[in-house]
Amino acid sequence: MRIEKEHMDLENIDEIRIYNAPKKDFYIPTPQEFDIDEIPMRDLIDNIPVEIHTFIPYENGKDFIIESLGSFTLNKYNCTQEDAKGRLLSKLSPLFFDILHDYLLDVYENHTIKRIRFVYYKKNKLTKLSNAKIVFDMDRIFIITNNVDTGVSKWEHIDDETFDEDKSSMMENFSQTGSYYNINGKYTWSQGIYNIINRPKEESDDFYNIVFDLVILDDQHIVDKIFDTTNKETAQCNEIIRIMTHDESIKIIEVSIYSYFDESGIIIRQGLINDITQHHHYEPSKPVDFLLDGFKNSKKLALLIEPLNKKQYKFSKGFYYLIEKDYEEYDHSREILDNIVEKDAVERIRKLCDGEINKIDETVTLKVDGNPYNQKVVDLYIESFRYNNEIHSLGFLTDITEEMEKQHQLIESNEQRLILIKEIHHRVKNNLQILNSFLNLEKRAYRNDPNLIIEHMQTRLTSLALLHEKTYKSRDFKNINLEEYLLDQDRQTKGLIELPVEVEFETHVDEDLNLTIEVITPLLLIIDELTMNAIKHAFPDKSAPNKKIIKKIAKLDDDTAMLIIRDNGVGIKNPKKITKNLGCEIVKSLTKQLGGNISLIETENGTAYRLIFPTKMEHTIN
């Protein structure tokens, strides 16, 4: 809903234009609060051609008690006199209370007379006119209205027999010159006008300026100038404007408008209109409409024509897609700036509106309808300029929300790639240092068995290569699924090492266990060492059946996990001796690096180790 007020100087009347007001805002059923006596001569009042509404001032004009409403209004809102009288105006009709209160109070306090014209629109089509006079008498406020319901209907083509309204003038029927009169808001059009605009008469033409409604946007400022002049002066205007008829023909017309008072003091506007298309140098073009047509299907790009003009603006559909409102719902005002997140940008836009600067080019975040959970990023460009000694403005609005999201994703992806490269270099360096340390230890321990040293190093290198390969693919160093690694490790181990006996691997890992690369690296090396030891020492009897190495990793809590690795081999006869060999020293070193705790488990057969370790370690690459 939108309400506009303007004082018409020439007629000395306040015009109130009401756009798309829902019925519920005019009439809200409410209980009666005051006893009201029946008004004398009610039948007479209901049958005179004007409406009379009576109000009793309440609390010195803070509000007004409804004594009676006119029958036209009661019928329009499907209520009776009993539904209205004895109610406060502010409760029964908050909309009219807000509009009329200042007028009613002025008439009540000063005993003046106010003249108001109400003009109602539905989707920019005039639906009702009411000329009202407010007077104070007998300690009451009277509003006397003369209502005109336009009864707007859809276009109807008129038969040839009724098309010619004035057959007495053959010239008029073929003329490209016409005239009109406007008296008390009602138009009378000659046949020549219909010849110019290329259509027959319609029922609602008495209530529209059927010529000026067709003016192209480029020339709308000329129409504004005509209205501005003829609303304030008894004068003549001569202008040339372009219109686009309903069959999309561009015509150039010469308009002469006269404003004057008749003998009874009623203001009359008379227009003479002549089609000069064939005799004028204007090219029949419509650049603004062409631009708007190009923008009409875009949901991300909007053309803003006169965005700094509260009344004469025109925006393409992309604007309404962006703010998620229909054209009829939108009320163009600075209130939309309250929904912009960046306050420094808002301040620059306000300066543009106030004429302190002539251009803005901003990227801002818009909370759609003030909703912080529905935000869009937009590019806004508006420039103001002077044309024909008047200030005009033009702008573009672009929804770049998706593009910004993609850009952020790309930035995050690039940052992740940089982290990956750093992580790879860091990991390779650390792992090579670890392998070098192990190699030095094994060179001293197995100097007479170089093949064993090579075999151990191959196993470790294979595990680390597998870890790096999967890391490249996942690009996630903080949530790595361990089960995939261990299953691949089992397959790699079988293919790499020439097993002295046939051994079956079993691996079980909690499904929801995800570890960081800092944890998985030493953990895999620990599992490698314990697996190789089991393969070499647990199964001296090659003919024994069902040889197994079983690994189970379970989540103990959010921060801790447990590895159980066991075999069903011959077991360890002297645990103290085995804990001092090189393999165990390597496992202890890796366990310390992991921040865990490893111990032997007593079993009926075979060997088993329990490793308690943290699921998270501080990430080394930022």
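Conventions adopted
- Once a new chain begins, its residue numbering starts again from 1 and follows that chain's sequence as written.
- At least 70 in pLDDT is required for a residue's local features to be given in this predicted model, at least 80 for side-chain atom pairs to be given and counted, and no such filter applies to totals for whole chains, interfaces and linings, which use all residues.
- Computation of side-chain values: all heavy atoms of the structure, hydrogens and water removed.
- Here a helix means four or more residues in a row that DSSP labels H or I, a strand means two or more in a row labelled E, and each is numbered from the N terminus.
- With a 1.4 Å probe rolled over the protein chains alone, any residue whose accessible area is under 20% of its type maximum counts as buried; one over 50% counts as exposed, and the rest are partly exposed.
- Only C-alpha atoms enter the line fits that serve as axes; for helices the fit covers just the stretch in contact. Angles between N-to-C directions range over 0 to 180 degrees.
- With respect to orientation, any angle under 35 degrees is reported as roughly parallel, any angle over 145 as roughly antiparallel, any angle of 65 to 115 as roughly perpendicular, and every other angle as oblique.
- By convention the crossing between two helices is left-handed if the near helix lies anticlockwise of the far one by an angle smaller than a right angle, and right-handed if it lies clockwise.
- Every residue pair with non-hydrogen atoms within 4.5 Å of one another is taken to be in contact.
- Strand pairing follows a simple DSSP-based rule, namely that at least 2 bridges must link the two strands.
- Here a cavity denotes a set of grid points, spaced 1 Å apart and computed over the protein atoms alone, in which a 1.4 Å probe fits but from which it cannot get out, and a pocket denotes an open set meeting protein on both sides within 12 Å along at least five of seven lines; residues with an atom within 4 Å of a point are reported as lining.
- Grid points are joined across faces, edges and corners, and a volume is the space filled by probe spheres set on the points.

### A word on unusual backbone geometry
So, point 1. The backbone of Asp 139 sits at a positive phi, close to 60°, despite the residue not being glycine.
So, point 2. Considering the arrangement of structural elements, one finds Asp 139 in the loop between strand E6 (125-137) and strand E7 (140-149).
So, point 3. Under the relative-accessibility criterion, Asp 139 is labelled exposed at 59%.
So, point 4. Although it is not a glycine, Asn 546 sits at a positive phi angle of roughly 50°.
So, point 5. Structurally, the position occupied by Asn 546 is in the loop between helix H17 (517-537) and strand E21 (548-555).

### A few points about the packing of H17 against helix H19 (residues 582-594)
So, point 1. It is at 9 Å that the axes of H17 and H19 come closest, and there the two elements cross at 160°. With respect to H19, the axis of H17 lies roughly antiparallel. For the pair H17 and H19, the sense of crossing is left-handed. Contact with H17, carried on its side by Val 519, Pro 522, Leu 523, Leu 525, Ile 526, Glu 529, Leu 530 and Asn 533, involves Gly 583, Ile 586, Val 587, Leu 590, Thr 591, Gln 593 and Leu 594 of H19 and no other residues of that element.

### A few points about the sheet that holds strand E10 (residues 236-244)
So, point 1. The strand order across the open sheet formed by five strands is E9-E8-E12-E11-E10, and the pairing between neighbours is antiparallel. Two strands lie at the open edges of the sheet, namely strand E9 (186-189) and E10, each paired on one side alone. Across the sheet, the mean angle from the axis of one strand to that of its neighbour is 25°, orientation sign disregarded.
So, point 2. Across four bridges, strand E8 (residues 177-183) lies against E9 in antiparallel orientation. Bridge assignment links Asn 182 to a residue of E9, and that residue is Tyr 187.
So, point 3. Along the sheet face, helix H10 (residues 220-230) touches E10, strand E11 (250-261) and strand E12 (267-275) and points at about 150° away from the line of E10.

### A few points about empty space enclosed by the protein
So, point 1. One pass over the structure, following the stated rule, counts two cavities of 30 Å³ or more.
So, point 2. Its boundaries defined by the atoms lining it, the largest cavity holds a volume of some 330 Å³.
So, point 3. Lining the largest cavity we find 23 residues, and of these His 53, Leu 69, Thr 73, Phe 96 and Leu 100 sit closest to its centre.

### Examining the environment of Ile 434
So, point 1. Structurally, the position occupied by Ile 434 is in helix H14 (residues 401-445).
So, point 2. Residues Ile 434 and Pro 522, 88 residues apart in the sequence, show an inter-C-alpha distance of 9.8 Å.
So, point 3. Discounting chain neighbours no more than four positions away, the residues touching Ile 434 are Leu 525 and Gln 593.

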